[in-house]
Amino acid sequence: MSLFYTVDARCGKCGITSNVQLSASVNADRRPDLRQAILDGTFQAVTCPSCGTALRLPAHITYLDMRRGQWILVEDAGQIAQWPAVETEATELFSTSFGASAPPLQRTIGADLKARLVFGWPALREKLLAAEAGLDDVVLELLKISVIRNVPDSPLSDSTELRLAAASDSALTLQWINTASEQSIADLSLERSLYDELAADLEPWSELKAQLEAGLFVDMNRIIRA
Ligand SMILES: [Zn+2]
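What comes next is a walk through the structure.

Conventions used here
Residues numbered from 1 in each chain as written. Predicted model: local features only at pLDDT ≥ 70, side-chain atom pairs only at ≥ 80, totals over all residues. Heavy atoms only, no water. Pairing = 2+ DSSP bridges. Helix = DSSP H or I, 4+ residues; strand = E, 2+ residues; numbered from the N terminus. Axes fitted to C-alpha atoms, helices over the stretch in contact; angles between N-to-C directions. Contact = heavy atoms within 4.5 Å. Donors = N, O, S within 2.8 Å, 3.2 Å for Na, K, Ca; no water. Tetrahedral: all angles 85-135°; square planar, octahedral: opposite > 155°, others 65-115°. Parallel < 35°, antiparallel > 145°, perpendicular 65-115°, else oblique. Left-handed = near helix turned anticlockwise from the far one by under 90°. Nonpolar A, V, L, I, M, F, W, Y, C, P; charged D, E, K, R; others polar. Phe/Tyr/Trp six-rings, centres within 6.5 Å; stacked < 30°, edge-to-face > 60°. 1 Å grid on protein atoms, 1.4 Å probe; cavity = no way out; pocket = protein on both sides within 12 Å on 5 of 7 lines; lining within 4 Å. Points joined across faces, edges and corners; volume = space filled by probe spheres on them.

Here we have 3 strands laid out as an open sheet, ordered β9-β10-β11, and antiparallel in their pairing. Looking along the sheet, the strands with just one partner apiece sit at the ends: β9 (160–167) and β11 (184–191). Mean inter-strand twist for the sheet, computed between neighbouring axes without regard to direction, equals 25°. Strands in contact with helix α4 (residues 121–132) are β9 and β10 (171–178); relative to β9, the strand with the most contacts, it is inclined by about 30°. Helix α6 (residues 192–200) rests against β10 and β11 of the sheet, and its axis sits at about 65° to β11.

Structure below.
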């Protein structure tokens, strides 16, 4: 099933408004190309038909990957300040789609899905990368909090975010991103062993871990913006 909706996108350069039809859902099992486009940053990257400038379109999709056990509601990064209300909506949406309020077949599928809420494309990309690399997203958020505590002059602000940008067997690359432009500000390369050490001893982190796991919005911003 493919759902579409229409937005009026206004070009920041020439001011021309164009009608853009966007997908309301991505099924990664049926469309692995769309999953790849999300990872590449080319998903829903639309250009102005008049002058060719890249148009920034707000994120608003549900993402389903049954093989990897991921269900993710993706909302626009600009909505992050309202995360408690959006999280309530996300919880209801998952419940009626694959959870307690869904038909039996859907519930069976839902039992193998990890439900999440993210704001913006870099946050979605991070969830896909983490799952691919076998990283628990709760532990990853704890690692980020640890990094911010230990690295002086972290560019943490309301207009920046820290996201996983790449992962290998030996290294993790975190990236500071300008939320509005999605442009990288700085890269931070970590040995993967830092993640493994943290994951092996979560006891000192139990309080923060419980806060991160309290809802679908598994993101250090739920603590920072509490
Ligand atoms: Zn234009």
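From this point, things continue past the structure.
By definition of the ideal shapes, a tetrahedral metal site with four donors has angles of 109.5 degrees and an octahedral site with six donors has angles of 90 or 180 degrees. For the zinc ion, every protein donor is listed as C11 (SG), C14 (SG), C48 (SG) and C51 (SG), and the spread of their distances is 2.3 Å. Geometry at the zinc ion is tetrahedral, judged from its 4 donor atoms and the angles of 105 to 117° they form at the metal. Positions of the donor residues of the zinc ion along the chain correspond to the pattern C-x2-C-x33-C-x2-C.

This brings us to the packing of helix α1 (residues 32–40) against α4. Between α1 and α4, whose axes approach to 9 Å, the crossing angle comes to 110°. Put simply, α1 runs roughly perpendicular to α4. Relative to α4, the crossing made by α1 is left-handed. Seen from α1, the contacting residues are R35, I38 and L39; seen from α4, they are L124, R125, L128, L129 and E132. Its residues assigned to classes, the contact of α1 with α4 comprises 5 nonpolar, no polar and 3 charged.

Turning next to the packing of aromatic side chains. Across all of its chains, the model carries 5 aromatic pairs by this definition. Aromatic rings pair up to connect W71, F94 and F98 into one cluster.

Regions of empty space are outlined by a rolling probe, equal in size to a water molecule, passed over the atoms. Of the voids in this model, the largest pocket is the one considered here, and its volume is about 660 Å³. Surrounding the largest pocket, 35 residues form its lining, G41, R56, W121, P122 and E182 being those nearest its centre. Only α1, β4 (46–47), β5 (54–55), α4, β9 and β10 provide two or more residues apiece to the lining of the largest pocket. The residue makeup of the lining of the largest pocket, split by class, is 18 nonpolar, 9 polar and 8 charged.

Summarising the sheet, β10 and β11 pair through 7 bridges and their orientation is antiparallel. Pairing of Q175 across the sheet is with D187, part of β11. Taken together, β10 and the strand that follows it, β11, pair antiparallel across an intervening segment of 5 residues, in which E182 is found at a positive phi of about 60°.

Next up on the list: the packing of α4 against helix α5 (residues 137–150). In the contact formed by α4 and α5, the axes pass within 10 Å of each other and the chain directions differ by 115°. In terms of orientation, α4 and α5 fall into the roughly perpendicular class. Considering only the axes of α4 and α5, their crossing is right-handed. Along its contact with α4, which presents E126, K127 and A130, the element α5 presents D137, L140, E141 and K144. Residues belonging to the contact of α4 with α5 are distributed by class as follows: 2 nonpolar, no polar and 5 charged.

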